[in-house]
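Secondary and tertiary structure notes
Here is what each chain is made of, one letter per residue.
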Amino acid sequence: MLPLLLLLPVALLVPLQYLIMLGAQLVYLVWVLPCQDARDTADVLSSLADPAVPAEQRVRMARAVAELQGRPVVEALVQTSADAEPEVAEAGLEALCTIWRRDGVVGEDLLLKLDLQAQDRVRALGVRVRSPW
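Residues numbered from 1 in each chain as written. Predicted model: local features only at pLDDT ≥ 70, side-chain atom pairs only at ≥ 80, totals over all residues. Heavy atoms only, no water.

1. Topic: the side chain of Thr80
Tracing the sequence through the fold places Thr80 in helix H3 (residues 71–80). Of note is the side chain of Thr80, whose polar atom sits 2.8 Å from the backbone oxygen of Ala76. Those residues within four positions of Thr80 in sequence are excluded, and the remaining contacts are Leu48, Val88, Ala89 and Gly92. (Helix = DSSP H or I, 4+ residues; strand = E, 2+ residues; numbered from the N terminus. Polar contact = N/O pair within 3.5 Å; in protein donor to acceptor, adjacent residues only side chain to side chain. Contact = heavy atoms within 4.5 Å.)

As structure tokens, this is what we get:
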């Protein structure tokens, strides 16, 4: 009887350890992974405008972020479309056109930040121009 009483506290700790492990996994899925994804995206968007990053790499990044959504992505691509490197600027404009063609709408404030030739190219997509106010 005494050995069974000694095992009782250990037996009660096993479900508690399971719950602690399950809770840690949930915290990782709900909190840690989204925060890391947000930091990675912010790093990519900031490196789009960094002239120290090689142009080929910035072109690849501009094309990759075309799959994302959100105002920070579009604003970073608008800045990229005015880049001194022509291939980077073209990749940024292509990514913008992809996003706006998918959405069907473009903010007028963002459109006015582009040069005239790029504005004409975006208007030729047939997207609706929306006033931000």
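2. With respect to the packing of H3 against helix H4 (residues 86–103)
Contact pair H3 / H4: the axes reach a minimum separation of 8 Å and the direction vectors enclose 145°. In this structure, H3 crosses over H4, and the sense of that crossing is left-handed. Facing Val73, Val74, Leu77, Val78 and Thr80 of H3, the residues of H4 in contact are Val88, Ala89, Gly92, Ala95, Leu96, Ile99 and Trp100. Across the contact of H3 with H4, the residue classes tally to 10 nonpolar, 2 polar and no charged. (Axes fitted to C-alpha atoms, helices over the stretch in contact; angles between N-to-C directions. Left-handed = near helix turned anticlockwise from the far one by under 90°. Nonpolar A, V, L, I, M, F, W, Y, C, P; charged D, E, K, R; others polar.)

3. With respect to the pattern of salt bridges
This model, assessed by the stated rule, comprises 6 salt bridges. Between Glu90 and Arg121 there is a salt bridge, and its shortest N-O distance comes to 2.8 Å. Residue Glu90 is found in helix H4, and its partner Arg121 is found in helix H6 (residues 116–123); the two are separated by 31 residues along the sequence. The partly exposed category is assigned to Glu90, whose relative accessible area is 33%. A relative accessible area of 33% places Arg121 in the partly exposed class. With a closest N to O distance of 3.9 Å, Asp103 and Arg102 form a salt bridge. Assessed through its relative accessible area of 40%, Asp103 is described here as partly exposed. Residue Arg102 is classed as partly exposed on the basis of its relative accessible area of 38%. Within this structure, Arg71, Glu75 and Asp109 form a network of salt bridges that share partners. (Salt bridge = Lys/Arg side-chain N within 4 Å of Asp/Glu carboxyl O. Buried < 20%, exposed > 50% of the residue type's maximum accessible area, 1.4 Å probe, protein only.)

4. Here's the deal with the nonpolar core
Ranked by size, the top nonpolar core spans 29 residues in total, and within it Leu48, Leu77, Trp100, Leu114 and Val122 carry the most contacts. Contributing elements (two or more residues each) for this core: helix H1 (2–48), helix H2 (55–64), H3, H4, helix H5 (108–111) and H6. Among all residues touching Leu114, those that are not within four sequence positions of it are Val78, Ser81, Leu93, Leu96, Trp100, Gln119 and Val122. (Core = buried A, V, L, I, M, F, W, Y, C linked by side-chain atoms within 4.5 Å.)

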